[in-house]
Protein chains: 2
Amino acid sequence: MISVVLLGAGNVATHLYKAFSNSENISITQWYNRTRASISSYANDVDITDSLDKLKEADIYIMAVSDDCIEQLSIDLPFTNRFVVHTSGSVAMHDIDKKNKIGVFYPLQTFSKEAEIDFSEVPICVEVYEKENLQLLIDLAKAVNCKPHKITTEQRQTLHLAAVFVNNFTNQLYRIGHEICETKNIEFEILHPLIEETAKKIQHMSPFMAQTGPAKRNDKRTIKRQLKLIEKEEHEAIYKMLTTSIKKTHGIRSTRIKSQKKEN
Amino acid sequence: MISVVLLGAGNVATHLYKAFSNSENISITQWYNRTRASISSYANDVDITDSLDKLKEADIYIMAVSDDCIEQLSIDLPFTNRFVVHTSGSVAMHDIDKKNKIGVFYPLQTFSKEAEIDFSEVPICVEVYEKENLQLLIDLAKAVNCKPHKITTEQRQTLHLAAVFVNNFTNQLYRIGHEICETKNIEFEILHPLIEETAKKIQHMSPFMAQTGPAKRNDKRTIKRQLKLIEKEEHEAIYKMLTTSIKKTHGIRSTRIKSQKKEN
Ligand SMILES: NC(=O)c1ccc[n+]([C@@H]2O[C@H](COP(=O)([O-])OP(=O)(O)OC[C@H]3O[C@@H](n4cnc5c(N)ncnc54)[C@H](OP(=O)(O)O)[C@@H]3O)[C@@H](O)[C@H]2O)c1
Ligand SMILES: NC(=O)c1ccc[n+]([C@@H]2O[C@H](COP(=O)([O-])OP(=O)(O)OC[C@H]3O[C@@H](n4cnc5c(N)ncnc54)[C@H](OP(=O)(O)O)[C@@H]3O)[C@@H](O)[C@H]2O)c1
């Protein structure tokens, strides 16, 4: 049985709480948040607190709090020599105060409180400073049926960067698709199956192999026609940049794409 | 029973052939392709031909051929006054020779021969010149359990443009994620669950609401750190442009992001 104290009550902490509660091999010793109100509805199920001084002893302390308060929170912890980790993709492990043993437990997924997640599908990237704690993090990941991946700080930060491309930036392309549809009174929902299939396709084919479309085919007529159709300068710039990027990836020599006058 | 002659043997034609074959309400009168070899393996199941002169009579002729040969193929058809459609997202309906009745049957999905598709999930955008043929296209879509959407040429071309953003450009972001992982010996597969969840999320939440990450949070430290981590100038330019785009969408004032020296 692994005993855990959870710190924070945001997207990640809430999903961790659920996954830990459902595991037979994890006991949640305590749930801390600086704002008690966000966790008070759980008071019947778990020991909750908003006071660092009242933190109990546990095998592991998981700080699932905003990136920029991880360091300070680790300094404020009123104990030493225990095992303290954060859940961030980008914060350095060494930002955690060394008065405790330190590590990272980074769930590589996008969480929001409202969206249900099959937690067992979440890859967990783990990192420790003191080797003897590695197994505990691996066991913790396995206790919620996740696949643990031992990685370095540099690899974690690289993964987080890649995640920004495939998650945040991709989502912004969805947003632009939505905007484009709205200008012509088309329901964005009609694109949902295509969006799902695009994501599914690369689960068994490399993105390189999966590419299709006018840029990949170097179909200049369609590219020209589409650039004319675009109404916003910002969309035009993104269209051109990603078209050029696709051409480069697939070894197509780029001719300069002419500018069209657009509103901004 | 709707009788169909299918022209072309590429990605779309092959998926249409399978879907039509499985429908009780469609009979495939003939399958034409200029290169006989690509369809010869189907000779036991369907009447195949590589000669336009041998085309038989049918309710509808579907030209699922490359965009730039649609017009010529429609001119080459040795009959008049029959119903001829293409399957393209971007070619004008009026590119089809008016000696026949004309229309469009555009399946809004990404097809490749190798990837299985649940065809019933594919939205079909239909368009006709002569009103009396609209019902036939709607019935054809329904006969393969698809949802038909009656749209205008402008709407179809707009949808195709939006599709380029959410499909081709998104896939290029996956490709960049793959490249970034490779530089640090990380398996790209570790990002698969995130990619799937990103696509799933917007099936019940707008992309606007679904956005997270450093740009949306205006987390300047992480953005700066990530820009330093990026090795390719091209990736840096895309990172900056999409970060700015996200900020704009979410009403965050952009400060100029400084350049970092990179290989190209
Ligand atoms: N969301 C994701 O998709 C995701 C995925 C992987 C990793 N992560 C990482 O997981 C961590 C948490 O992210 P999240 O999305 O769960 O954040 P979040 O939803 O914004 O929640 C932030 C939590 O941090 C607490 N907090 C903020 N400032 C604090 C301070 N000065 N002192 C003490 N507590 C403070 C908040 O407390 P209050 O309730 O009192 O405001 C809240 O409980 C971050 O390191 C993030 O990088 C996030
Ligand atoms: N792929 C998609 O995801 C997708 C999705 C929606 C709509 N579409 C549209 O569907 C149509 C077909 O696309 P696709 O991906 O199936 O194309 P494809 O796989 O490249 O196949 C092209 C077909 O067109 C034939 N063809 C090419 N040039 C020809 C010519 N000059 N004369 C006669 N036939 C010719 C080819 O015949 P050979 O076998 O002899 O080369 C082949 O059968 C296009 O209009 C496309 O825009 C495609």
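Only a predicted model underlies this, so the values are computations on that prediction, with no experimental measurement involved. (Residues numbered from 1 in each chain as written. Chains lettered and ligands numbered in written order. Predicted model: local features only at pLDDT ≥ 70, side-chain atom pairs only at ≥ 80, totals over all residues. Heavy atoms only, no water.)

## Here we look at the overall build of chain A
Logical step 1: A tally of helices and strands in chain A yields 9 helices and 8 strands.
Logical step 2: Computed over the C-alpha atoms, the radius of gyration of chain A is 23 Å, more than 25% above the 18 Å expected from 2.2 N^0.38 for a compact globule of 264 residues.
Logical step 3: For chain A, with 264 residues in total, the buried portion stands at 59%.
Logical step 4: In chain A, the share of contacts with a sequence separation of at least 24, taken over all contacts with a separation of at least 6, comes to 55%.
Logical step 5: With an accessible surface of roughly 11800 Å², chain A has 45% of that area assigned to carbon and sulfur atoms.
Logical step 6: A gap of 13 Å separates the mean positions of the 35 positive and 34 negative side-chain charges of chain A. (Helix = DSSP H or I, 4+ residues; strand = E, 2+ residues; numbered from the N terminus. Rg over C-alpha atoms; globule rule 2.2 N^0.38 Å. Buried < 20%, exposed > 50% of the residue type's maximum accessible area, 1.4 Å probe, protein only. Contact = heavy atoms within 4.5 Å. Areas by Shrake-Rupley, 256 points an atom, 1.4 Å probe, with all protein chains shown as cover. Lys, Arg positive; Asp, Glu negative; His and termini not counted. Charge placed at Lys NZ, Arg CZ, Asp CG, Glu CD.)

## What to know about the relation of the copies chain A and chain B
Logical step 1: Relative to chain B, chain A is turned by 180 degrees and slid 0.0 Å along the rotation axis, the superposed coordinates differing by an RMSD of 0.0 Å. In symmetry terms, the pair is related by a two-fold rotation axis. In terms of C-alpha distance to the rotation axis, chain A has A:T170 as its closest residue, with the C-alpha 2.7 Å off the axis. (Least-squares fit on C-alpha atoms with pLDDT ≥ 70 in both.)

## Quick look at the pairing of strand β2 (residues 26-32) of chain B
Residue and element names in this part refer to chain B.
Logical step 1: With 5 of 7 residues buried, β2 is to be regarded as a mostly interior element.
Logical step 2: The pairing of strand β1 (residues 2-7) with β2 spans 6 bridges and is parallel. Within β2, the position partnered with S3 by the bridge is S27.
Logical step 3: Considered for its hand, the β-α-β crossover made up of β1, helix α1 (residues 11-21) and β2 is right-handed. (Pairing = 2+ DSSP bridges. Right-handed = clockwise from strand over helix to strand, strands pointing away.)

## Thoughts on the environment of A:S40
All names here are of chain A.
Logical step 1: Positionally, S40 belongs in the loop between β2 (26-32) and β3 (48-49).
Logical step 2: Take S40: its relative accessible area is 37%, and that puts it in the partly exposed class.
Logical step 3: Taking the C-alpha atoms as reference points, S40 and P207, 167 residues apart in sequence, are found 45 Å from one another.
Logical step 4: In this structure the side chain of S40 is engaged in a polar contact, spanning 3.1 Å, whose partner is the backbone oxygen of A37. (Polar contact = N/O pair within 3.5 Å; in protein donor to acceptor, adjacent residues only side chain to side chain.)

## Remarks on the site of ligand 2
All names here are of chain B.
Logical step 1: Near ligand 2 you find 22 residues, and of these A9, R34, T35, D67 and F111 are the closest.
Logical step 2: Measuring from an oxygen atom of ligand 2, one finds a backbone N or O atom of F111 at 2.8 Å.
Logical step 3: Considering ligand 2 on its own, with 900 Å² of exposed area, one finds that the protein chains cover 75% of that surface.
Logical step 4: Where the shell around ligand 2 is concerned, the elements lending two or more residues are α1 and β6 (101-107).
Logical step 5: Partitioning the shell around ligand 2 into residue classes produces 9 nonpolar, 11 polar and 2 charged. (Near = heavy atom within 4 Å. Nonpolar A, V, L, I, M, F, W, Y, C, P; charged D, E, K, R; others polar.)

## Side note on the site of ligand 1
All names here are of chain A.
Logical step 1: Surveying the vicinity of ligand 1 reveals 22 residues, the closest of which are A9, R34, T35, D67 and F111.
Logical step 2: The side chain of N33 places a nitrogen or oxygen atom 2.9 Å from an oxygen atom of ligand 1.
Logical step 3: Between ligand 1 and D67, the relevant distance is 2.6 Å, taken from an oxygen atom to a side-chain nitrogen or oxygen of the residue.
Logical step 4: Protein chains bury 75% of the 910 Å² of accessible surface belonging to ligand 1 in isolation.
Logical step 5: Along the lines of polarity and charge, the residues of the shell around ligand 1 split into 9 nonpolar, 11 polar and 2 charged.

## Description of helix α8 (residues 220-229) of chain A
Logical step 1: Listed in full, the buried residues belonging to α8(A) are A:T222, A:I223, A:Q226 and A:L227. Buried residues of α8(A), viewed axially, fall in a sector of 135 degrees; they line one side. Along α8(A), exposed side chains directed more than 90 degrees from the buried face belong to A:K220, A:R221, A:K224 and A:K228.
Logical step 2: Taken together, the buried residues of α8(A) touch α7 (214-217) and α9 (233-249) of chain A together with α4 (153-183) of chain B. (Arc of directions from axis to C-beta.)

## Details of the environment of B:S254
All names here are of chain B.
Logical step 1: Assignment of secondary structure puts S254 in the segment after α9 (233-249).
Logical step 2: Taking C-alpha positions, S254 is 6.6 Å from T244, a pair spaced 10 residues apart along the chain.
Logical step 3: Those residues in contact with S254, other than ones at most four positions away along the chain, are T244 and K247.

## Things to note about the interface of chain A and chain B
Logical step 1: With 93 residues of chain A at the interface, the matching set in chain B holds 93 residues.
Logical step 2: In this assembly, chain A packs against chain B so that about 8700 Å² is buried in total across both faces, 67% of it on carbon and sulfur atoms.
Logical step 3: Counting the contacts that link chain A with chain B gives 28 residue pairs in polar contact (both at pLDDT 80 or more).
Logical step 4: Residue assignment for the side of chain A that touches chain B shows that the elements contributing at least two residues are α4 (153-183), α5 (192-201), α6 (207-210), α7, α8 and α9 of chain A.
Logical step 5: When residues of the side of chain A that touches chain B are assigned to their parent elements, the largest contribution, 27 residues, is made by α4(A). (Buried area = accessible area lost by both parts, 1.4 Å probe.)

## Focus: the packing of α4(B) against α9(B)
Residue and element names in this part refer to chain B.
Logical step 1: Viewed as axis vectors pointing N to C, α4 and α9 meet at an angle of 130 degrees, and their least axial separation amounts to 12 Å. Between α4 and α9, the angle is such that the two are oblique. Relative to α9, the crossing made by α4 is left-handed. Taken together, the residues of α9 that come into contact with α4 (itself represented by L173, I176, E179 and I180) are H235, I238 and L242.
Logical step 2: Residue classes in the contact of α4 with α9 are distributed as 5 nonpolar, 1 polar and 1 charged. (Axes fitted to C-alpha atoms, helices over the stretch in contact; angles between N-to-C directions. Parallel < 35°, antiparallel > 145°, perpendicular 65-115°, else oblique. Left-handed = near helix turned anticlockwise from the far one by under 90°.)

## Structural notes on the sheet that holds β6(B)
Residues and elements named next belong to chain B.
Logical step 1: As summarised here, the arrangement of the 8 strands in space is β3-β2-β1-β4-β5-β6-β7-β8, forming an open sheet in which the pairing is mixed. Taken across any chain shown, the strands that pair with only one partner, and hence form the sheet edges, are β3 (48-49) and β8 (148-150).
Logical step 2: Running over the sheet, helix α3 (residues 134-143) touches β1, β2, β4 (60-63), β5 (83-86), β6, β7 (124-128) and β8 and is turned about 165 degrees from β7.

## Remarks on the UniProt feature "domain: DUF2520" (unreviewed entry) in chain A
Logical step 1: Here the UniProt feature "domain: DUF2520" (unreviewed entry) sits at residues 122-245 of chain A.
Logical step 2: For the annotated span residues 122-245 of chain A, helix accounts for 66% and strand for 6% of the residues, and the straight-line distance between the end C-alpha atoms is 30 Å. (UniProt positions renumbered as here; feature names shortened; annotations may be inferred.)

## Some remarks on the pairing of strand β4 (residues 60-63) of chain A
The side chains of a regular strand alternate, first on one face of the sheet and then on the other.
Residue and element names in this part refer to chain A.
Logical step 1: In β4, alternate side chains face the same way, and those of I60 and I62 on one face and Y61 and M63 on the other are all buried.
Logical step 2: Relative to β4, strand β1 (residues 2-7) is paired through 4 bridges, and the arrangement is parallel. Counted as the bridge partner of V4 is I60 from β4.
Logical step 3: The sheet contact formed by β4 and strand β5 (residues 83-86) spans 3 bridges and is parallel. Bridging across to β5, M63 finds its partner in H86.
Logical step 4: In this region the chain leaves β4, passes through helix α2 (residues 70-76) and returns to the parallel neighbour β5; the handedness of that crossover is right-handed.

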